[in-house]
Amino acid sequence: MYKRILIATDGSELSAKGLAKGLELAAQLGAHADIVTVSEPWAVGMYDAMGWSAGYEASPEYKKDREEAAQKILQPALQAAHAANVADVQTHHVLDRYAADGIIDTAKACNSDLLVMTSHGRRGVTRVLLGSQTAEVLARSTVPVLVIR
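Everything numeric in this text was worked out from a predicted model, so none of it was measured.

Okay, unusual backbone geometry next. Positioned with a positive phi, Asn85 is a non-glycine residue whose angle comes to about 65°. One can find Asn85 in the loop between helix H3 (60–83) and strand S3 (89–95). Since its relative accessible area comes to 64%, Asn85 is described here as exposed. The phi torsion at Asp96 lies on the positive side, around 60°, for a residue other than glycine.

This is the structure in structure tokens:
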């Protein structure tokens with residue numbers, strides 16, 4: 001059935017549920033699992049509030065800090081994959097992209113045939129104001145998307 005499953009995670013408690021379900025499916029199918037986390041573009045308004053200079057996002061420290069934060073998400077996910085008996089697993093960090101864009105691009109690059117991700121299930125004004133990266137992936141994906149809630 002599915003041979004290459006992309007599992008998106010942001011390290012949150014909710015995304016841990018999606019990670020667990022995606023890994024369970026990969027283990028049952030003997031599929032390769034790709035685990036991706038996306039670091040969204042740095043918010044310009046954060047510079048003054050956090051005391052950083054305007055050049056922070058272009059500095060080596062920026063990339064190092066973002067990579068360290070991503071690894072704090074990806075390393076436990078990799079350990080979870082091994083604990084779930086998923087032998088064929090790879091992690092990916094996408095820097096400076098919005099989540100939906102990073103997930104869609106990674107799915108294409110990995111030749112994924114299934115995406116697994118979570119959704120908060122927001123509706124109405126909350127969804128409109130906050131946007132929905134899951135809805136964007138659902139609208140743009142060329143492969144099936146399994147949404148865990």
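Continuing now.
To continue, consider the nonpolar core. Generally speaking, nonpolar side chains in soluble globular proteins are found buried as a group. Membership of the largest hydrophobic core comes to 16 residues, with the highest contact counts inside it found for Ile5, Ile7, Leu23, Ala33, Ile35 and Val86. Sorting the residues of this core by element identifies strand S1 (4–8), helix H1 (13–29), strand S2 (32–39), H3 and strand S4 (114–118) as the ones contributing at least two each. Those residues in contact with Leu23 that sit more than four places away from it in its chain are Ile7, Ala33, Ile35, Ala77, Ala80, Ala81, Ala84 and Val86. Ala8, Val94, Ala100 and Val137 belong to the second-largest nonpolar core, a separate cluster that totals 12 residues.

Mapped onto the fold, Arg66 is located in helix H3. The side chain of Arg66 is buried and forms no salt bridge, while Asp96, the nearest opposite charge, is found at 4.9 Å. For Arg66, the contacting residues outside a window of four places in its chain are Ser39, Glu40, Trp42, His93 and Leu95.

Taken in spatial order, the 5 strands of this open sheet run S3-S2-S1-S4-S5, and their pairing is parallel. Each edge of the open sheet is held by one strand with a lone partner, namely S3 and strand S5 (145–148). Taking the axes of each pair of neighbouring strands and ignoring which way they run, one obtains an average angle of 20° across the sheet. Relative to S3, S2 is paired through 7 bridges, and the arrangement is parallel. Paired with Asp34 across the strands is Gln90, a residue of S3. In this fold helix H4 (residues 99–110) packs onto S1, S2, S3 and S4, with an angle of close to 150° to the strand it touches most, S2.

Conventions we followed
Residues numbered from 1 in each chain as written. Predicted model: local features only at pLDDT ≥ 70, side-chain atom pairs only at ≥ 80, totals over all residues. Heavy atoms only, no water. Helix = DSSP H or I, 4+ residues; strand = E, 2+ residues; numbered from the N terminus. Buried < 20%, exposed > 50% of the residue type's maximum accessible area, 1.4 Å probe, protein only. Core = buried A, V, L, I, M, F, W, Y, C linked by side-chain atoms within 4.5 Å. Contact = heavy atoms within 4.5 Å. Lys, Arg positive; Asp, Glu negative; His and termini not counted. Salt bridge = Lys/Arg side-chain N within 4 Å of Asp/Glu carboxyl O. Pairing = 2+ DSSP bridges. Axes fitted to C-alpha atoms, helices over the stretch in contact; angles between N-to-C directions.

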